[in-house]
Amino acid sequence: MSLSTPVTAGLAAAVVVGAGLAGFGIYTAVDNGKPAKNEATLVVGTSTVRAEPACFNGGKAISDADLTKCAQQAAKDSEAKKLTSLDVRASDRVGVGVPKDLADKGWYAFTGSGQNRMPIMQGATGLTYSGSVSATTLMTSDDRTMVTVAAVDQQTNEYYAVWFFNLNNQKS
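Since the structure is predicted, the reported quantities are computational estimates derived from the model, not experimental observations.

Colleague: Would you mind showing me how to read the environment of Thr-84 here?
Modeller: The residue Thr-84 is located in the loop between helix H3 (64–79) and strand E4 (85–88) in this model. A relative accessible area of 29% places Thr-84 in the partly exposed class. Sequence separation of Thr-84 and Glu-52 is 32 residues, and the distance between their C-alpha atoms is 9.5 Å. Setting aside chain neighbours within four positions, we find Thr-84 in contact with Val-49, Arg-50, Ala-51, Phe-165 and Asn-166.

This is the structure:
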């Protein structure tokens, strides 16, 4: 099934209506009967982008060394403006979606790092969409805010996929 322009516009409009409808719309768009591509989805207002994971080991746990390399490369890619990105304003709402098979293990999404992390989703299992969070709580004072999404087994704390996006902070 391919998504026509009206269907795509309808999915985008659902984001504005509310987190419940948006979650259903994103799940429908991501899980449309085709094999999972392991793409995560970032939604800002009515705009949506998808990205393949920056760290993925064919469905097996990712080693700590590979996670470190991946995070370092993502930081470089963020500075070079190479990450998949969307513009964001303080008045926007932000949501994230992950593939169902990875959501079943558990996942989280956040902006920032260390003690400055701002959660979009924390430790969810079985949910494919984060809901919708106010951008004002997520944005940093920089030109870009990096979003990290990670599929993590809640029992073993092993990472299975990590995605990175940039939110391009718009002043007005």
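Colleague: What am I meant to see in the pattern of salt bridges here?
Modeller: Under the definition given, this model contains three salt bridges. Taking the shortest distance from any N to any O, the salt bridge between Asp-66 and Lys-69 comes out at 4.0 Å. Placement of both Asp-66 and Lys-69 in helix H3 is noted, with a separation of three residues, approximately one turn of the helix. Asp-66 gets classed as partly exposed once you look at its relative accessible area, which sits at 39%. Note that Arg-144 and Glu-79 form a salt bridge whose closest N and O atoms lie 3.6 Å from each other.

Procedures and definitions
Residues numbered from 1 in each chain as written. Predicted model: local features only at pLDDT ≥ 70, side-chain atom pairs only at ≥ 80, totals over all residues. Heavy atoms only, no water. Helix = DSSP H or I, 4+ residues; strand = E, 2+ residues; numbered from the N terminus. Buried < 20%, exposed > 50% of the residue type's maximum accessible area, 1.4 Å probe, protein only. Contact = heavy atoms within 4.5 Å. Salt bridge = Lys/Arg side-chain N within 4 Å of Asp/Glu carboxyl O.

Functional significance is not addressed by these values, which are geometric in nature.
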